[in-house]
Number of protein chains: 2
Amino acid sequence: MKGILVIADGLGGRPTDMDGRTCLEAARTPHLDELTDRGAVGLVDPIGPGIRPGSDTAHLSLLGYNPHELYTGRGVFECLGIGLDVRPGDICFRANFATVEASKDGLRLVDRRAGRIESGQEELAATLGTMRLKTPGVEIQFRASTEHRGALLLRGKDLSPHVSETDPHEVGATMRTAGPTADGAAAKRTAAAVNELTRQSYELLKDLPLNRERAAAGKLPANILLVRGAADCPHIPSIPSIYGVRGAVIAGGALYRGVALACGLDSIDVPGATGGLDTDLRAKAEATLAALATYDLVFVHIKGTDNAAHDQNAAAKTAFIERIDAEFIAPLVERIDWKSTHLAFTGDHTTSIDYGDHTADPVPVLFVGPNVRRDDVTSFNEHTAARGGLLRFSGQVLPMLMSLANRCPKFGS
Amino acid sequence: MKGILVIADGLGGRPTDMDGRTCLEAARTPHLDELTDRGAVGLVDPIGPGIRPGSDTAHLSLLGYNPHELYTGRGVFECLGIGLDVRPGDICFRANFATVEASKDGLRLVDRRAGRIESGQEELAATLGTMRLKTPGVEIQFRASTEHRGALLLRGKDLSPHVSETDPHEVGATMRTAGPTADGAAAKRTAAAVNELTRQSYELLKDLPLNRERAAAGKLPANILLVRGAADCPHIPSIPSIYGVRGAVIAGGALYRGVALACGLDSIDVPGATGGLDTDLRAKAEATLAALATYDLVFVHIKGTDNAAHDQNAAAKTAFIERIDAEFIAPLVERIDWKSTHLAFTGDHTTSIDYGDHTADPVPVLFVGPNVRRDDVTSFNEHTAARGGLLRFSGQVLPMLMSLANRCPKFGS
């Protein structure tokens, strides 16, 4: 028995989305409705009722982990998702290319995103790759991702995630000095390393030809690295070891790939899977169908729904849901061997159009496959899901899918 | 107000049970349906959504305990259920009569169940009763149960459950030596005791006339004791102390009796209650009705539903559910004083016919009695329960029953 878990990011909506209806209610989704007719639906609180989830914590919870116990910070997943080799003891950070200018009080923040830098990040990363810290025995790895974003990792003995940020957040303010936020030598040592790498990043980047060209073109220079969200690597028991399955992730976004890698899944690269509204959903469907030949579990993450909702664009979210139905779900409906496959479809949280951010509202969830207790619901949205046979539960969508596929370990005997 | 809790083991089913219907859907259950009409139903996740329960952990959870905190292993409940006097500090084991043969590499496993030995177990147990360990101050108790099964207990100062198994599991493999799986003298001492009792069991049993007779009859000798699942006794606050009730259990299976005894209930022996499909359900109903004269709470466990499902026999499970309805529920419906009694009926997990084992699917649950908020559902199965007034919840069936009977302590003030 195979299992497919599809998470459409920020899928859930509110009646304020579209004049009394959610985007999912407004969208035409005949293939999701067909699966709903054959399966069972309900509402899932990604972490728990009244808990407003982040994407990382929600994913951990839907994958069957307790984020209250395991979550250390987003940096770990960003580092993993971007391809850094994270090991126990490493300290991971999210990083931004930013713009500062020298002032008598120190380096003053001009733009946290270096004018949303759109090219040259590889060159900047290569330059930063020459950083060598004086803090003895501390190694550094950095990789750029999209626009101004990147991820950074410190490796060495006795490092700690308990350090404060250098990012002053406010434009015009001077850069902060990282300090220890816990007792002990490790936090002091790590704060020293962060301050050193921040200074070095400025020294290495400020006079780079690329930044002179940006300045000449009226663009902001990417002349410093801001790091935040220090996190050490949590011990996450792997999905293959828990369920005895081979599993893979298909995700355009680094964060989601990172979460899945941290849980022991292999990553399948799909050309055209961008993690945006322009993603190639047909290619993701083909990759899913192909992956089922070698994997027991395929986890597919689709990001565009959330992007549109953060942009407060109801029409874009609705259109993207319709594209998911037509370009991703339709090929699966047609070509999956439904006698031996279970599929779960849900979101990692609600993202409200009006609010433009995640909310604690529960999310519709659909299970279909031979072992599912079919209910009477025949269309898939927030309203109908509340009348479904799965009723309401918290997280745990992957363990439920694995139980339906007869892959779940027993607790007790 | 009195309370009756009935758990039909492995009651829940999947649509694969019977061509689109579960056994409970297929079974004719007019008396359960009558109680449903008068009461309220819902779905219970015995431990939690997506958690595939063992019978022991599920019972703890339904009885209102947190098995993640309290569960140490099945051995404790087997020892208690079989009539051993388990005390704090004792180490309990599940035990098997098995067949080994001497080889140049040591004792080689021939059959883990001694050919599912069907007679003579009392004599074997009496022989094992003469074991005296050299490990100073360690006392040993053993009792046989059904077929090849038994339970064993070590008592003494400084014993530990952290020992590895002697059972090689694989036929043809040589017996393993138990070793400590934790630091400290207690684990070493316990491992030494386990190795010593394993050797002694072989020396005592191998030349027993009973085993020579078995060999002469072409049967496998029961010439060694395999022990597994070492567990120390958890501290379980007793049901009488929590709710101020006198409570009793009626259960044919030793495990379930053991769980109830661990929770402070008295055990009522019912002749003909076998823990199998051949159990005398009418006798259990009579015993329940009689117990209500002296007890505030009667917990009845019925095992046959699970046996049939493990045997992947849908017809047998369906027929047994119909027998529960006609022979156990019917007399209660007729003769209980429903003005002063609440009854809860559920299963400890779903056992799928197709899979032949427990699954994480939730289980229908029914409450009836004067304080129950009646809903509109009039028949009792997985499908109708999803539309019931109790919705979906996790564990805690006994505390809910005790609250309906106005016996529940307040948390806070």
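Read on for a plain summary of the structure.

Rules of the game
- Residues numbered from 1 in each chain as written.
- Chains lettered and ligands numbered in written order.
- Predicted model: local features only at pLDDT ≥ 70, side-chain atom pairs only at ≥ 80, totals over all residues.
- Helix = DSSP H or I, 4+ residues; strand = E, 2+ residues; numbered from the N terminus.
- Rg over C-alpha atoms; globule rule 2.2 N^0.38 Å.
- Buried ≥ 20, exposed ≤ 12 C-beta atoms within 10 Å, placed from the backbone.
- Contact = placed C-beta atoms within 7 Å.
- Arc of directions from axis to C-beta.
- Least-squares fit on C-alpha atoms with pLDDT ≥ 70 in both.
- Nonpolar A, V, L, I, M, F, W, Y, C, P; charged D, E, K, R; others polar.
- Pairing = 2+ DSSP bridges.

**Brief notes about the overall build of chain A**
Inference 1: Counting its secondary structure elements, chain A contains 15 helices and 16 strands.
Inference 2: Its C-alpha atoms give chain A a radius of gyration of 22 Å, near enough to 22 Å, the size a compact globule of 413 residues would have.
Inference 3: Projected onto its principal axes, the C-alpha coordinates of chain A cover approximately 70 × 50 × 40 Å.
Inference 4: Per-residue burial for chain A yields a buried fraction of 55% across its 413 residues.
Inference 5: Of all intrachain contacts in chain A linking residues separated by at least 6 positions in sequence, the fraction that spans at least 24 positions is 71%.

**Considerations on unusual backbone geometry**
Inference 1: A positive phi angle is found at Glu147 of chain A, which is not glycine, with a value near 45°.
Inference 2: You can see Glu147 of chain A is positioned in the loop between β5 (139-144) and β6 (149-155).

**Digging into helix α2 (residues 30-38) of chain A**
Residue and element names in this part refer to chain A.
Inference 1: Regarding α2, the residues found buried are Leu32, Leu35 and Thr36. All buried residues of α2 fall inside an arc of 105° around its axis, so they share one side.
Inference 2: Residues of α2 that are buried make contact with β2 (40-45), α13 (314-335), β11 (341-346) and β14 (363-368).

**Things to note about the relation of the copies chain A and chain B**
Inference 1: If you rotate chain A by 121° and push it 0.1 Å along the axis, it lands on chain B with an RMSD of 0.1 Å. Within this description, the copies of the chain are treated as partners about a three-fold rotation axis.

**A short note on the interface of chain A and chain B**
Inference 1: Taken residue by residue, the interface counts 22 residues in chain A and 28 residues in chain B.
Inference 2: Within the side of chain A that touches chain B, the residues separate by chemical class into eight nonpolar, nine polar and five charged.
Inference 3: Pairing analysis gives two bridges linking strand β16 (residues 410-411) of chain A to strand β3 (residues 52-53) of chain B, with the strands arranged parallel. Across the sheet, the residue bridging to Phe411 of chain A is Pro53 of chain B, located in β3 of chain B.

It is worth stressing that arrangement in space is one thing and function is another; only the former is reported here.
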